[in-house]
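Residue strings, one per chain:
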Amino acid sequence: MIEVKNLVKKYGGHYAVNDLSFELESGRIYGLLGPNGAGKSTTMNIMTGYIASTSGEVVIDGHNILTEAEEAKACIGYLPEIPPLYVDMTVLEYLVTVAELKKIPKKERQPMIDEIMRTVKISDMANRLIRNLSKGYKQRVGIAQALIGYPEIIILDEPTVGLDPKQIIEIRELVKSLGKKHTVILSSHILSEVSAVCDYVLIINKGKLVAADSTDNLEKLFLGQNNLELLVEGSREAIRDVLKNFKDIQSSDIQPAKEQPGSFRIQLQIAGEADIRRGLFYKFAAAHCPILEMQGASMTLEDIFLELTGAEKRGSGRRKAARQASEEAKA
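Residues numbered from 1 in each chain as written. Predicted model: local features only at pLDDT ≥ 70, side-chain atom pairs only at ≥ 80, totals over all residues. Heavy atoms only, no water.

K.L.:
Would you take a moment to explain the overall build of the protein chain for this structure?
P.N.:
When its secondary structure is counted, the protein chain shows 12 helices and 14 strands. When the 331 residues of the protein chain are sorted by exposure, 48% land in the buried category. Nonlocal contacts in the protein chain, meaning residues at least 24 apart in sequence, comprise 68% of its contacts between residues at least 6 apart. Within the structure as shown, the protein chain displays about 16,600 Å² of accessible surface, and the carbon and sulfur contribution to it stands at 49%. (Helix = DSSP H or I, 4+ residues; strand = E, 2+ residues; numbered from the N terminus. Buried < 20%, exposed > 50% of the residue type's maximum accessible area, 1.4 Å probe, protein only. Contact = heavy atoms within 4.5 Å. Areas by Shrake-Rupley, 256 points an atom, 1.4 Å probe, with all protein chains shown as cover.)

K.L.:
Would you take a moment to explain the nonpolar core for this structure?
P.N.:
As a rule of thumb, soluble globular proteins bury nonpolar side chains together. Among the nonpolar cores identified, the biggest contains 46 residues, and V91, I122 and I143 are the most heavily contacted of them. Excluding anything up to four places from it in sequence, I143 contacts L79, V120, L156, I171, L174 and L178. With 26 residues, the next largest nonpolar core counts V4, L7, L24 and M44 among its residues. (Core = buried A, V, L, I, M, F, W, Y, C linked by side-chain atoms within 4.5 Å.)

K.L.:
What should I look at first to understand the sheet that holds strand β7 (residues 153–157) in this one?
P.N.:
In sheet architecture, strand pairing relies on hydrogen bonds along the backbone and comes in two forms, parallel and antiparallel. If you walk across this open sheet you meet the 6 strands as β6-β7-β8-β3-β9-β10, and the pairing is mixed. Each edge of the sheet is formed by a strand with only one pairing partner; in this case those strands are β6 (76–79) and β10 (208–213). Adjacent strand axes in the sheet meet at a mean angle of 15° when their direction is disregarded. By the bridge criterion, 5 bridges tie strand β3 (residues 29–33) to strand β8 (residues 183–188) in an arrangement that is parallel. Its bridge partner lying in β8, L32 is registered against S187. Docked against the sheet, helix α5 (residues 135–147) engages β6 and β7, running at close to 160° with respect to β6. (Pairing = 2+ DSSP bridges. Axes fitted to C-alpha atoms, helices over the stretch in contact; angles between N-to-C directions.)

K.L.:
Would you explain helix α4 (residues 106–119) in this entry?
P.N.:
Because an α-helix completes one turn every 3.6 residues, residues spaced three or four positions apart along the sequence face the same direction. Between its first and last C-alpha atoms α4 spans 21 Å; for 14 residues at 1.5 Å apiece the expected length is 20 Å, and the two agree. Among the residues of α4, those classed as buried are R109, M112, I113, I116 and M117. Looking at the buried residues of α4, the elements they touch are α3 (91–101) and α5. Among the residues trailing α4, K121 stands out with phi positive, at a value near 60°. (Expected span 1.5 Å × (residues − 1).)

Shown next, in the form of structure tokens:
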């Protein structure tokens, strides 16, 4: 559906996008995730033909965005971070204008516009001036213009920026519903948004693609499937002595538990499918080190994002375990 090949965008000596390549299949909601300045918006602007790349190419459904711009753009509906709205028009007037610009046959325009307004829930705003709408409704109008012509691909750049919590939830639900009929690409630096809405995540940092997979698979890649987190009361030395008895422990991280004085938080990475929970229970009990908590360790999208972009998260034992697991996997 979409192929991005060795994409480069250079401004003077600065690379906004640096040798970026990926392929997107139809029928998914993709999250394009990265910190501010990572190159997300630049990538989207190149993909939609708004700006030209320094080198590389973008192919949309078999059409090169530069050499076959009209055919490629017909496959795309785009909502920039700042919606391209004519605020002195009513909602209906604006959508009719967009339909004309997209060369929608006259007899098809009104039924299409009516259906799209119902989809994004702005039918009762049809005769309101856009300038008088709330930011949430303006975003809905922006999404409506992207849907005109029913393009196969919908690209949304930061669609919830500046919205209140209720509006954010409404836009997220709208994006999920669009994913049933379209391939959706959602750009965001808000981790919870991508985690809540997207099937597949592409993480960009400094213009480069640093990860591309489902959230579940990213978690497995970084921490593996067999990890434990424990809260144990006792001394560090006693805990280390107990852990030495288990050959299946590949790595461990032991940190004082601030919330429980005299106890330690332990992150364990365990080989293969080995189940050492029962053994840990008996060994710690024999050492008079009671286990206060034991659970499977997980890694959130936030942890993965911080790990891949090199950001610091103070006191994160999981990040240390993830880094060690990643380095061992590469070795």
